[in-house]
Amino acid sequence: MKTLLAPAALATAALTASAPAPAQPQAGYPTKTITIVVPTAAGGGNDAMARTIAQKLGPLLGQSVIIDNRAGANGSIASEFVARAAPDGHTLMLGYIATHAMNPALQKLRYDPVADFEPVGLVGYSPTLMVANASVPVKDVKDLIAQLKAKPDRYSYASAGNGTAPHFAAELFKLNAGVDMLGVPYKGSAPAVTDTLGGQTQFMFPSLFTAIPYVKSGKLKPLAVAGPKRSPLLPDVPTLKEAGVDGVDVQQWYGVFAPAKTPRPVIDRLNKALNQVLADKEVVKRIEDHGADVESSTPEQLGTLVKSELGKWKAVVQKARLTAE
């Protein structure tokens, strides 16, 4: 076999040597380790999702894929870093509803969620779950509302930072239920959950993906789903609408992004590899066991989603008079 292939290989080498090198920056991609930047602290739902993807993505691309957690400023630190990275496909981001829709809708940032990124592909969705510290003396949503109306400063809620889904969901709950509750922002869902477990804060609206391990262990008490339907993982937990509070629909989504001007062939290769990962039964099970629904897409479909969500949450900010303070 070596003897048969040698002449062809030599001919190919000769042609390559005599012809000018193609002007394709993506040739041979990837040529080094790929980094997926996660805008939240290690240990949260976003981090777990990114690590699940990275583990399978590396072998498909022939390079190591590592995770870089850059929490802070409600996802802006990670977003700015990736937006300014070399557009060669070696620095990516696990963006989500907060970094590419909610936070930009809430305040002016030093990055543009549309102009500064090339969408690679959608990863999936996860409903938002209203949870309480297991020891909080609240039976259900109606009981909580009654207690808050009797004593507005009785409880506080944790969020992953202003401009994140837990923040928006909590503020929409307060607005539509006609109650008040102090919000405590954290640098990501992991520390917010930790303090809710410890009782420093009593309530939170994390993604089901983040909350489900603690719900299963009995450390967090699920009160309601902040979405249009109940979760198959928690069939006995009502939606907020069923519990008497309409207008709180926060479906969290996640996607992979590259810096703007990343060559299209690189985006296409990443999208193909990402969609292969998301078709892996082991990956699907790991993600779905945590309460998220896997859904792949084209780069264009993710781009359309970002623009649509940005408009939606800008309207919510105006209606609810939300601020970054």
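Residues numbered from 1 in each chain as written. Predicted model: local features only at pLDDT ≥ 70, side-chain atom pairs only at ≥ 80, totals over all residues. Heavy atoms only, no water.

### A look at the overall build of the protein
The helix and strand inventory of the protein stands at 11 helices and 11 strands. Judged by the C-alpha coordinates and their principal axes, the protein covers about 85 × 40 × 30 Å. Counting over 325 residues, the protein shows a buried share of 54%. The contacts in the protein between residues at least 6 apart in sequence include a share of 78% that link residues at least 24 apart. For the protein, the computed accessible surface area is about 14800 Å², with 55% contributed by carbon and sulfur atoms. (Helix = DSSP H or I, 4+ residues; strand = E, 2+ residues; numbered from the N terminus. Buried < 20%, exposed > 50% of the residue type's maximum accessible area, 1.4 Å probe, protein only. Contact = heavy atoms within 4.5 Å. Areas by Shrake-Rupley, 256 points an atom, 1.4 Å probe, with all protein chains shown as cover.)

### Thoughts on helix α10 (residues 281-288)
Listed as buried for α10 are Val283, Val284 and Ile287. Down the axis of α10, the buried side of the element spans an arc of 100 degrees, and every buried residue falls inside it. For α10, exposure combined with an orientation more than 90 degrees from the buried face picks out Lys281 and Lys285. Here α10 starts with a cap whose side-chain oxygen sits 2.8 Å from the backbone nitrogen of Glu282, and that cap is Asp280. (Arc of directions from axis to C-beta. Polar contact = N/O pair within 3.5 Å; in protein donor to acceptor, adjacent residues only side chain to side chain.)

### A word on the sheet that holds strand β4 (residues 117-127)
What the six strands build is an open sheet, ordered β2-β1-β3-β10-β4-β11; its pairing is mixed. Single-partner strands in this sheet number two, and they are β2 (65-69) and β11 (293-294). Across nine bridges, β4 lies against strand β10 (residues 251-259) in antiparallel orientation. What sits directly across from Gly124, in β10, is Tyr254. In the packing of helix α3 (residues 76-83) onto the sheet, the strands contacted are β1 (34-38), β3 (91-96), β4 and β10, and the crossing angle to β3 comes to about 145 degrees. (Pairing = 2+ DSSP bridges. Axes fitted to C-alpha atoms, helices over the stretch in contact; angles between N-to-C directions.)

### Focus: the pattern of salt bridges
According to the stated counting rule, one finds 11 salt bridges in the structure shown. Across the salt bridge formed by Arg51 and Asp47, the nearest N and O atoms sit 2.9 Å from each other. A residue pair is termed a helical-turn pair when its members lie 3 or 4 positions apart in one helix, as Arg51 and Asp47 do in helix α2 (residues 45-61) at four residues. Of the charged contacts, one joins Lys174 and Glu171 as a salt bridge, the two residues approaching to 3.2 Å between their closest N and O atoms. Placement of the pair is Lys174 and Glu171 together in helix α6 (residues 165-177), with a separation of three residues, close to one helical turn. On the basis of relative accessibility, which here comes to 13%, the residue Lys174 falls in the buried class. Within the structure, one salt-bridge network assembled from shared partners comprises Lys56, Asp280 and Glu282. (Salt bridge = Lys/Arg side-chain N within 4 Å of Asp/Glu carboxyl O.)

### Focus on helix α4 (residues 97-106)
Within α4, 10 of the 10 residues are buried, which leaves it mostly tucked inside the rest of the structure. Here α4 has its buried residues at Ile97, Ala98, Thr99, His100, Ala101, Met102, Asn103, Pro104, Ala105 and Leu106. Contact partners of the buried residues in α4: α3, β3, β4, α6, β10 and α11 (299-320).

### Remarks on the sheet that holds strand β7 (residues 182-185)
Spatially, the five strands line up as an open sheet ordered β7-β6-β8-β5-β9, and their pairing is mixed. Taken across any chain shown, the strands that pair with only one partner, and hence form the sheet edges, are β7 and β9 (220-225). With five bridges joining them, strand β5 (residues 129-133) and β9 adopt antiparallel strand pairing. Bridging from a neighbouring strand, Val131 pairs with Pro222 of β9.

### A few points about the pairing of β10
Within β10, eight of the nine residues are buried, which leaves the element mostly enclosed by the surrounding structure. Two strands pair when backbone bridges link them, and β3 and β10 are joined in this way by four bridges, in the antiparallel orientation. Opposite Gly95, over in β10, you have Gly255 as the bridge partner.

### Looking at the environment of Gly58
If you trace the backbone, Gly58 turns up in helix α2. Considered as a pair, Gly58 and Arg286 are 228 residues apart in the sequence and their alpha carbons are 18 Å apart. For Gly58, the residues in contact, after removing those within four places along its chain, are Gln63 and Val65.

### With respect to the confidence of the model for the protein
Fine structural detail should not be taken from predicted coordinates in areas where pLDDT scores are low. Here the protein averages 90 in pLDDT, and 92% of its residues register 70 or above. Confidence drops under a pLDDT of 50 for residues 1-25, and excluding neighbours within four residues, the segment shows one contact in the predicted structure. (pLDDT = per-residue confidence, 0-100.)

### As for unusual backbone geometry
In this chain, Tyr29 is followed by Pro30 through a cis amide linkage whose omega measures -5 degrees. Secondary-structure assignment places Pro30 in the loop between α1 (2-18) and β1.

### Describing the packing of α4 against α6
Two elements in contact, α4 and α6, have axes whose closest approach is 10 Å; the angle formed by their N-to-C orientations is 50 degrees. The angle between the axes of α4 and α6 places the two elements in the oblique class. In this structure, α4 uses Ile97, Ala98, Met102 and Leu106 to contact α6, whose residues at the interface are Ala165, His167 and Phe168. The residue inventory of the contact of α4 with α6, partitioned by class, reads six nonpolar, one polar and no charged. (Parallel < 35°, antiparallel > 145°, perpendicular 65-115°, else oblique. Nonpolar A, V, L, I, M, F, W, Y, C, P; charged D, E, K, R; others polar.)

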